[in-house]
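As a plain string of letters, each chain reads:
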Amino acid sequence: MKIAIIGTGNLGLSIAKGLITNNAITSLFMTRRNPEAIASYAEYKNVYVTSDNVEAVQKSDILIFAVQPAQLSAILNDIKDHLTDKHVLISTITGYQISQIEAIVGTDQYIVRAMPNTAIAVGASMTCLASNEKGMKRIKIAEAIFNRLGNSLIIPETQMQAATVVCASGIAFWMRLIRATTQAAIQLGFDAKEAQELAMHTCNGASKLLIDSGNHPEEEIDRVTTPKGCTIEGLNEMEHKGLSSSLIQGMVASFNKINIIKSDQK
């Protein structure tokens, strides 16, 4: 695949690393206003570093935009006359809707929105994808790219804000749960390093059990709990204190905040 990453900051670099590591490119153009900061990537075969977005567009088929929201309109206006029917436009810009992109480049373009999370840096992102009507013909390309960087799910664009809460903000929510488990482990006698290791790998194992088995979480909980045992005692105490309720209410509050931000931006 001939890919260009327009705006190679932290997210763009994570995507580039994943593509290079997985040998998923025929060529890769990486653009940045100050290309010296990423000059070392030009040492990789078929990877080119430049500040020229137009050159990157002309020599690529798949364009991944990873710039700040305020920069995207100007960039799209600069490159729109160089777009052809071969190009697939993939935007990773939070809150920038497909209709806004279409208003600049036209509706006759393959346009995909991608919402990865920060775990993309370690090849474990949960990325949600949506597209315009024409983009559905090429969305499998975006799916193939982000499946090399974790997992992906195609959703309606109307669910992108909810996906941001579950997947992007969700990283922070899970980090807080892991931190709380670490603090409990310290109180139970482990030193801080041991406690975090226990918390991280137990969380990872729980997730992998569900991924590999396809089971519902309650099925795996039933395997651990025994009558009058310590596990059910702990679970019931957590629920009495509002563990599930607090998490659900927090995520709903986060979603409501996104809607307020969106309204303020109009």
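Just so it is clear, the model here is predicted, and its values are computed rather than measured.

Q: Would you take a moment to explain the UniProt feature "domain: Pyrroline-5-carboxylate reductase catalytic N-terminal" (unreviewed entry) in the chain for this structure?
A: In the UniProt entry, the feature "domain: Pyrroline-5-carboxylate reductase catalytic N-terminal" (unreviewed entry) is given for residues 2-93. Helix makes up 32% of residues 2-93 and strand makes up 24%, while its end C-alpha atoms are separated by 21 Å.

Q: Sorry, what's going on with the environment of V122 here?
A: Structurally, the position occupied by V122 is in the loop between β6 (110-115) and β7 (125-131). For V122, a relative accessible area of 68% corresponds to the exposed category. For V122 and R33, which are 89 residues apart along the polypeptide, the C-alpha to C-alpha distance reads 25 Å.

Q: Help me understand a nonpolar patch on the surface, please; the structure alone is not making it clear to me.
A: There is a patch of nonpolar side chains on the surface, built from L188, F190 and L198 and spanning about 320 Å² of accessible area. Along the polypeptide, L198 turns up in helix α7 (residues 192-213). You can call L198 partly exposed: its relative accessible area is 40%.

Q: Quick question: what am I supposed to make of the packing of helix α3 (residues 69-79) against helix α4 (residues 98-105) here?
A: Geometry of a packed helix pair, given as the angle between the helix axes and the separation of the axes. At a closest axis distance of 9 Å, the pairing of α3 and α4 adopts a crossing angle of 35°. Of the two elements, α3 crosses α4, and the hand of that crossing is right-handed. Contact with α3, carried on its side by S73, L76 and N77, involves I101, I104 and V105 of α4 and no other residues of that element. By residue class, the composition of the contact of α3 with α4 is 4 nonpolar, 2 polar and no charged.

Q: In this structure, what is going on with the packing of aromatic side chains? I would like to understand it.
A: Ring pairs (aromatic) are described by centroid distance and by the angle formed between their planes. If you walk through the whole model with that rule in mind, you get 2 aromatic pairs. On the numbers, 4.9 Å between centres and 25° between planes, the contact of F29 with Y48 is stacked. In this pair, F29 sits in strand β2 (residues 27-31) while Y48 sits in strand β3 (residues 47-50), placing the two residues 19 residues apart along the sequence. On the basis of relative accessibility, which here comes to 5%, the residue F29 falls in the buried class. Look at Y48 and you get partly exposed, because its relative accessible area is 39%. The side chain of K134 reaches across the aromatic face of Y110, ending 4.8 Å from its centre. Directly above the ring of Y110 sits R138, whose terminal nitrogen or CZ lies 4.3 Å from the centroid.

What counts, and at which threshold
Residues numbered from 1 in each chain as written. Predicted model: local features only at pLDDT ≥ 70, side-chain atom pairs only at ≥ 80, totals over all residues. Heavy atoms only, no water. UniProt positions renumbered as here; feature names shortened; annotations may be inferred. Helix = DSSP H or I, 4+ residues; strand = E, 2+ residues; numbered from the N terminus. Buried < 20%, exposed > 50% of the residue type's maximum accessible area, 1.4 Å probe, protein only. Patch = residues over 30% accessible without salt bridge, like charges linked within 9 Å, V, L, I, M, F, W, Y side chains within 5 Å. Areas by Shrake-Rupley, 256 points an atom, 1.4 Å probe, with all protein chains shown as cover. Salt bridge = Lys/Arg side-chain N within 4 Å of Asp/Glu carboxyl O. Axes fitted to C-alpha atoms, helices over the stretch in contact; angles between N-to-C directions. Left-handed = near helix turned anticlockwise from the far one by under 90°. Contact = heavy atoms within 4.5 Å. Nonpolar A, V, L, I, M, F, W, Y, C, P; charged D, E, K, R; others polar. Phe/Tyr/Trp six-rings, centres within 6.5 Å; stacked < 30°, edge-to-face > 60°. Lys NZ or Arg CZ within 6 Å of the ring centre and 35° of its normal.

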